[in-house]
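Here's the letter readout for the chains.
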Amino acid sequence: MSSFNRDVLVLILEELKSDKNSLFSCLLVNRTWCLIAVRILWRNPWQYFTTINSKIIMLFNVLFLHLSKESRDILKGQGIDNHITESHECPLFDYINFIKYLDFFFIRCMIPRKTKKTKISIVKSEIFKLFINNNTKFIHLSIPQNFYNQIHLIPGAEHCFSELESFHCNMDISQNILEWLVRCKSIKKVIIENMFFNYSVKCLEIIKLIEAQESLNDVKFINLSESYESFDKSLEKSLIKHATTIQYLRFDWTPITKFLLHFVNLSCLEIFLPGYSVWKDLNYFENISLPNLKILRTSRVRPIILTNLIENIKGNLTEISVLYDYHGDDSKMFIQAIYRKCPNLRYLRLSLLLFRNIELLISEYESLLSNSRYLNGLIIDIYTGYNTEFKWNEFFMILAKSSPISLFKFKFSSNKLIQLKDIKLFFDNWENRNSIILEISNKDYNVNIKAKQQLEDLIKKYKVKGIVDRYSIGFNTVYHENEFEWN
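Residues numbered from 1 in each chain as written. Predicted model: local features only at pLDDT ≥ 70, side-chain atom pairs only at ≥ 80, totals over all residues. Heavy atoms only, no water.

### Focus on the pattern of salt bridges
A full pass over the atoms with the stated rule returns 20 salt bridges. One salt bridge connects Asp-381 with Arg-349, and the closest N-O pair in it is separated by 3.0 Å. You can see Asp-381 sitting in strand 11 (residues 377–384) and its partner Arg-349 sitting in strand 10 (residues 347–354), a full 32 residues away along the chain. Comparing Asp-381 with Arg-349 shows no difference in burial state: the two are buried. (Salt bridge = Lys/Arg side-chain N within 4 Å of Asp/Glu carboxyl O. Helix = DSSP H or I, 4+ residues; strand = E, 2+ residues; numbered from the N terminus. Buried < 20%, exposed > 50% of the residue type's maximum accessible area, 1.4 Å probe, protein only.)

### Some points on the packing of helix 16 (residues 392–402) against helix 17 (residues 420–428)
Orientation of helix 16 relative to helix 17, taken along the N-to-C sense of each, is 10°, at an axis distance of 9 Å. Here helix 16 is positioned roughly parallel relative to helix 17, judged by the angle of their axes. Facing Trp-392, Asn-393, Phe-396, Met-397, Leu-399 and Ala-400 of helix 16, the residues of helix 17 in contact are Asp-422, Ile-423, Leu-425 and Phe-426. (Axes fitted to C-alpha atoms, helices over the stretch in contact; angles between N-to-C directions. Parallel < 35°, antiparallel > 145°, perpendicular 65-115°, else oblique. Contact = heavy atoms within 4.5 Å.)

### Some thoughts on the pairing of strand 9 (residues 319–325)
Taking burial as the measure, the seven residues of strand 9 include six buried ones, the bulk of the element. With five bridges joining them, strand 8 (residues 295–299) and strand 9 adopt parallel strand pairing. Bridge pairing in strand 9 links Arg-297 to Ser-321. For the handedness criterion, the β-α-β arrangement of strand 8, helix 13 (residues 303–312) and strand 9 is classed as right-handed. Two elements, strand 9 and strand 10, share seven bridges in a ladder whose sense is parallel. (Pairing = 2+ DSSP bridges. Right-handed = clockwise from strand over helix to strand, strands pointing away.)

### What about the side chain of Gln-213?
Mapped onto the elements of the fold, Gln-213 is located in the loop between helix 11 (200–212) and strand 5 (218–224). Side-chain polar atoms of Gln-213 contact the backbone nitrogen of Ser-186, separated by 3.4 Å. Reaching out from Gln-213, the side chain makes a polar contact with the backbone nitrogen of Ile-187 at a distance of 2.9 Å. In this structure Gln-213 touches Cys-184, Lys-185, Ser-186, Ile-187 and His-242, once residues within four positions along its chain are discounted. (Polar contact = N/O pair within 3.5 Å; in protein donor to acceptor, adjacent residues only side chain to side chain.)

### What to know about the environment of Asp-325
Counting through the fold element by element, Asp-325 comes out in strand 9. Sequence separation between Asp-325 and Ser-351 is 26 residues, and the spatial gap between their C-alpha atoms is 8.6 Å.

### Here's the deal with the packing of helix 15 (residues 362–371) against helix 16
Remark: helix 15 packs on helix 16, axes separated minimally by 9 Å, with the N-to-C direction vectors making an angle of 30°. Once helix 15 is placed against helix 16, the crossing between them reads as right-handed. When helix 15 is examined against helix 16, the residues Ile-362, Tyr-365, Glu-366, Leu-369 and Ser-370 are found in contact with a partner set consisting of Glu-394, Phe-395, Ile-398, Leu-399, Lys-401 and Ser-402. In terms of residue class, the contact of helix 15 with helix 16 is made up of six nonpolar, two polar and three charged. (Left-handed = near helix turned anticlockwise from the far one by under 90°. Nonpolar A, V, L, I, M, F, W, Y, C, P; charged D, E, K, R; others polar.)

In structure tokens, the structure reads:
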């Protein structure tokens, strides 16, 4: 294994890029393995650490080794030498040049908190120059909130970002940086967060940035504060220009035009509407077909609107994740559309907001489970009003009775404690099936230690019996891109 052809080894280790523990082990084989693993680990070093403090300590010390003696003396002169592990050795590798993802959130965190305000600009200058120069080149740039440094004016910036493929920023980004980035034509992925429309000029620059790209395939507009029809129309029009290349799209407003009609190659669609939004056109998707759509994630979009979309899709959906207010008739048609039009469904999340007692659609859920023969993971997330209850006992009986053999991964979340007797009922009726991988979340487990311990004791009993394979008990409901990953 240690004498693999280098090119083959690169391909193998690239498959482990998300598995930091395996890559760390590869560091110890020999120098060839170490060099390849180091390049992969340092391509985006920010993703491998669980706390900001660990990033600061490690990166700041490695960073200091790469600085020129002149820069080291400047930093020491600012009184931050106590934060640095002194070493007179050169680093084994040119770590800085391995970095391809430049994230100024973490870089900014490298500056020790005790640095005097009068010294911060000097410290920033030295750190930023280490990353931005004529010897480095990045494919990803992330600019956090409240970041006002004019990085485009640093010598070498043009070279650094000449091959940029991904850009992530908050809407309070400097307008000068946006105007400068419009020159870049190579960006494939754009994420814009917290779009407040008092930044009207910046909105226009965002549109220019979108229009300027040549092969855009992933666009996300996150946390739209309020909607202005004129801007929405302009933004939708700019996206149409990339309709044949965009495969991943997220937007957080009610669409104004039928712009989605053009996205024939769209693979993932996310629509996260604010709570105050009202989507009046219930037939918006009636004549829109997205033939290559595989992933659908929505929040606050009425089921009747989604039903029209699913009815027009050609059976390619493998993942559906929706949050909506539960309405009997709307929900019934939506569930029916899923089991009639989504034969390849593998993952399903239903997040239901229940503010009045409604009978569960028992027969529809049974049909959904019995017709989804490839379903592998199911997430049920319930939020009920003060006088409303979700009938977990009935739902668990449906799962035990009708789940396909492929389904054994579950996540259950509720704003109210799920009764132990209901969970026990589920386990008792899950005999002679694949062992369950289970996650249960409730905010009360954070303070109600007794309830959490009772649940854990119950699960452990069924783990011994082989009913449960592995489990976790959490405090919060998490809605994110990797929600269908089980620990």
